[in-house]
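Chain by chain, the residues:
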Amino acid sequence: MSAPTEAISRLEIRRLHPALGAEVRGIDMRRPLDADTARELQDAWMEHLVLVFPDQHISDAEHVAFTRYFGEPEIFHQKIIRSGRVQEIFRVSNVDEDGILMPPDHPVAQQVALAQFWHTDSSYRDIPCTGALLHGVEVSRTGGETQFTNMYLVYDALPEDLKRQVDGRKAQHNFGHMHTQAALKPLTEAEKAAMPPVWQPMVRKHPITGRKSLYISPIYNDAVEGMTAEDGKRLIARLTQIAADPRFVYTHRWETDEVLMWDNRCSMHQVTPFDPHERRVMHRTTIMGQDRVMAG
């Protein structure tokens, strides 16, 4: 009897940073994904937190279809950012859907610019998203890199006094808080009702890896359980400073038609500043969460 054959991987995976991030080759997002490759990608995603797929010349429809291998795409609750052509696409762009560059003071450009602060996507939902996939349609050359930080390692590195402060405690995640920070147009009553503030554990347990990570989203955090407003603000600022330590951060310099996929359950990200008069068009899908955040 011949020996059983082992499955041969078609993927080439190259680590990009000691903390997180890996480049993946051998995937064409325009083609169907077989079950073995999907499992291998899932394993790589859990290990590296951020996957970079070069040379993906995909349409929005193909982007959405690939996302569905990992979950149902979330529909963003604000029309101001959501694509009018493919509803699952979140437009992180300073260019409108007619191809016209928006001035820096345009409400959409102002809201998109807030991605330049550390955050994790949809933490303001009762059931936050699992992850996201971002397609670089037109990329910046004056900045506009995306930085990711490994919140597993951040939690592990917290001084004991900070661990005592966050263990068993919750922080509030409020979508409206983002608007107050940048003097954006206030949310309408309908928008407030659609996305009320939620309390999330500050330490969460990953449902697949079982590892603990720090769970904050500074752009949305406006209160910490059992603390005054000022004390809570100082705590979030101190935690954010630790999360930004270069030991934990991978900075990605974009090339056109790259797609990045990241796990929002154990990472944060932000965009570096760039010339607001330079076109930057990024299309994102967000993978809908299945369960509430599990306290760590």
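Cut-off values and rules
- Numbering of residues starts from 1 in every chain and runs along the sequence as written.
- Per-residue local features of the predicted model are confined to residues with pLDDT of at least 70, and side-chain atom pairs are confined, for both listing and counting, to 80 or more; whole-chain, interface and lining totals are unaffected and use all residues.
- Side-chain metrics in this entry use all non-hydrogen atoms of the structure; hydrogen atoms and water are not considered.
- Each helix is a run of DSSP H or I of at least 4 residues and each strand a run of E of at least 2, with the numbering of both proceeding from the N terminus.
- Only C-alpha atoms enter the radius of gyration; for comparison, a globular chain is expected to reach 2.2 Å times N to the power 0.38, where N is the number of residues.
- When a residue's accessible area, from a 1.4 Å probe over protein chains only, is under 20% of the maximum for its type it is buried; when over 50% it is exposed; and in between it is partly exposed.
- Pairing between strands is defined by DSSP: at least two bridges between the two strands are required.
- To get an axis, a line is fitted to the C-alpha atoms, and for a helix only the part in contact is used. The angle between two axes follows their N-to-C directions and goes from 0 to 180 degrees.
- The arc in question is the one spanned by the directions pointing from the helix axis to the C-beta atoms.
- Two residues form a contact once any of their heavy atoms are found within 4.5 Å.
- Only buried Ala, Val, Leu, Ile, Met, Phe, Trp, Tyr and Cys residues count toward a nonpolar core, and they belong to the same one when joined by side-chain atoms within 4.5 Å.
- Every case where a carboxyl oxygen of Asp or Glu lies within 4 Å of a side-chain nitrogen of Lys or Arg is listed as a salt bridge.

Trainee: Could you clarify how one ought to interpret the overall build of the protein in this entry?
Mentor: Scanning the protein for helices and strands turns up eight helices and 15 strands. Here the protein has a C-alpha radius of gyration of 19 Å; the compact-globule value for 296 residues is 19 Å, and the two agree. Oriented by its inertia axes, the alpha-carbon framework of the protein measures out at about 70 × 50 × 35 Å. The burial tally for the protein puts 53% of its 296 residues in the buried class.

Trainee: I keep staring at the sheet that holds strand S11 (residues 221–224) and nothing clicks. Help me out?
Mentor: Sheets are built from strands that pair by backbone hydrogen bonding, the pairs being arranged parallel or antiparallel. An order of S8-S7-S11 is seen for the three strands of this open sheet, with the pairing classed as antiparallel. Strand pairing shows two members of the sheet lacking a second neighbour, strand S8 (198–201) and S11, which therefore form its edges. Across the sheet, the mean angle from the axis of one strand to that of its neighbour is 35°, orientation sign disregarded. Relative to S8, strand S7 (residues 170–173) is paired through four bridges, and the arrangement is antiparallel. From the neighbouring strand, Lys 170 faces S8, where its bridge partner is Pro 201.

Trainee: What is the right way to read helix H2 (residues 60–67) from this model?
Mentor: Each full turn of the α-helix corresponds to 3.6 residues, which orients residues three or four apart in the same direction. Among all positions of H2, only His 63, Val 64, Phe 66 and Thr 67 are buried. Across the axial projection of H2, the buried residues extend over an arc of 165°, all falling on one side. Where the residues of H2 are buried, they touch helix H1 (35–48), strand S5 (131–138) and strand S15 (281–287).

Trainee: What am I meant to see in the nonpolar core here?
Mentor: Within soluble globular proteins, side chains that are nonpolar generally end up buried alongside one another. In terms of nonpolar packing, the biggest core is built from 33 residues, with Leu 20, Val 50, Phe 148, Phe 175, Leu 260 and Trp 262 touching the most fellow members. Mapped by element, the contributors of at least two residues to this core are strand S3 (50–53), strand S4 (90–93), helix H3 (107–113), S5, helix H6 (175–181) and strand S13 (259–263). In terms of residue count, the dominant contributor to this core is H3 (three residues). Each residue touching Val 50, except ones within four places of it in the same chain, is listed here: Leu 20, Gly 21, Ala 22, Phe 148, Leu 260, Met 261 and Trp 262. Counting 21 residues, the second largest nonpolar core, distinct from the first, contains Trp 118, Val 154, Leu 239 and Met 268.

Trainee: Explain the pattern of salt bridges here, please?
Mentor: Close approach of charged atoms allows side chains with opposite charge to pair. Across all of its chains, the model carries 22 salt bridges by this definition. Arg 30 is paired through a salt bridge with Asp 28; the nearest N and O atoms lie 3.0 Å apart. Among the residues examined, Arg 30 registers a relative accessible area of 46% and is labelled partly exposed. Put simply, Asp 231 and Arg 234 hold a salt bridge, and the shortest N to O gap is 2.4 Å. Highlighted residues: Asp 231 and Arg 234, both in helix H8 (residues 229–243), separated by three residues, approximately one helical turn. Judged by its relative accessible area of 33%, Asp 231 falls in the partly exposed class. For Arg 234, a relative accessible area of 51% corresponds to the exposed category. Put simply, Arg 14, Glu 23, Arg 25 and Asp 55 are held in one network by salt bridges that share partners.

That is the geometry; function is a separate question.
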